[in-house]
Amino acid sequence: MRDAVVAYVGLGANLGDAAARLRTALGWLDELPQTRCVAASGLWRSAPVDADGPDYCNAVAALRTHLTAPALLQALLALEARAGRQRPYRNAPRTLDLDLLLYGGARIASPWLTVPHPRLAQRAFVLVPLREVAPHLVDTAALDAVAGQAIRPWD
C-alpha cells in the first residue's frame, strides 16, 4: 500500500438543505476506501461567486488517504453524483460540489485535474474554512486578499 497523503477537499452546496447535505457528505468522505476524514471545518455561508442562486454552505475537510490524486478525484465525482449533482451549465446551483484543493505537496496539471486548485487563493469560502483545519496553510496576507468577499458562519 502506498504511503498516506493529507488531502484537503472543499465542500459546497446551495440547493435543498445545504447544511444537511454537507454533513452527510462529510460522513461519505470518511467512508471512502483507504481514506479517513481527520478534520473538518465548521459550516460557512457565502454568496455565489460568478454564479446565481441561493447562498452556499461551505466547508473544508482534511483527509488522510492512500488513494492517488486521480482516484480520489474520481471518488469525489461519484459522491457528487450520489447527491444528485447535475451540470446543466457552468456554475449552476449545486446539490453538492466537492473540490480537491490540495493533495499533500503535489503539483498536478492535467486536462482534468489541477492541484493546488487553481482558484483556491481567490475564494474566501475556501480559505476561511481551510484555515480552520490547517492554519499553517493560510496566512494573513491570503485572507487579506479576499477580505472583500462576504463569508460568515452558517446559522
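Quick note: structure is the one above.
This report concerns the structure included in the present document. Treat the numbers as computed from the prediction; the structure is a model and nothing was measured.

### A word on helix α2 (residues 69–82)
For α2, built from 14 residues, the straight-helix expectation of 20 Å at 1.5 Å per residue is met to within 8% by its first-to-last C-alpha distance of 20 Å. For α2, the full list of buried residues reads A69, L72, L73, A75, L76, L79 and E80. The buried side chains of α2 occupy one side of the element, clustering within an arc of 160° when seen end-on. Of the exposed residues in α2, the ones pointing more than 90 degrees away from its buried face are A81 and R82. Summarising the contacts, the buried residues of α2 are in contact with β1 (5–13), α1 (18–30), β4 (56–65), β5 (97–103) and β6 (108–109). Two to three positions downstream of the cap, the backbone nitrogen of A71 sits 3.1 Å from a side-chain oxygen, assigning the N-cap of α2 to T68. Where α2 ends, the next residue or the one after it, G84, has phi of about 85°, a positive value.

### Thoughts on the pairing of β4
Here β4 lies mainly inside the structure; nine of its 10 residues are buried. Sheet analysis places β1 next to β4, joined by nine bridges and oriented antiparallel. Bridge pairing in β4 links V9 to A61. Across five bridges, strand β2 (residues 35–40) lies against β4 in antiparallel orientation.

What counts and what doesn't
- Residues numbered from 1 in each chain as written.
- Predicted model: local features only at pLDDT ≥ 70, side-chain atom pairs only at ≥ 80, totals over all residues.
- Heavy atoms only, no water.
- Helix = DSSP H or I, 4+ residues; strand = E, 2+ residues; numbered from the N terminus.
- Expected span 1.5 Å × (residues − 1).
- Buried < 20%, exposed > 50% of the residue type's maximum accessible area, 1.4 Å probe, protein only.
- Arc of directions from axis to C-beta.
- Contact = heavy atoms within 4.5 Å.
- Polar contact = N/O pair within 3.5 Å; in protein donor to acceptor, adjacent residues only side chain to side chain.
- Pairing = 2+ DSSP bridges.

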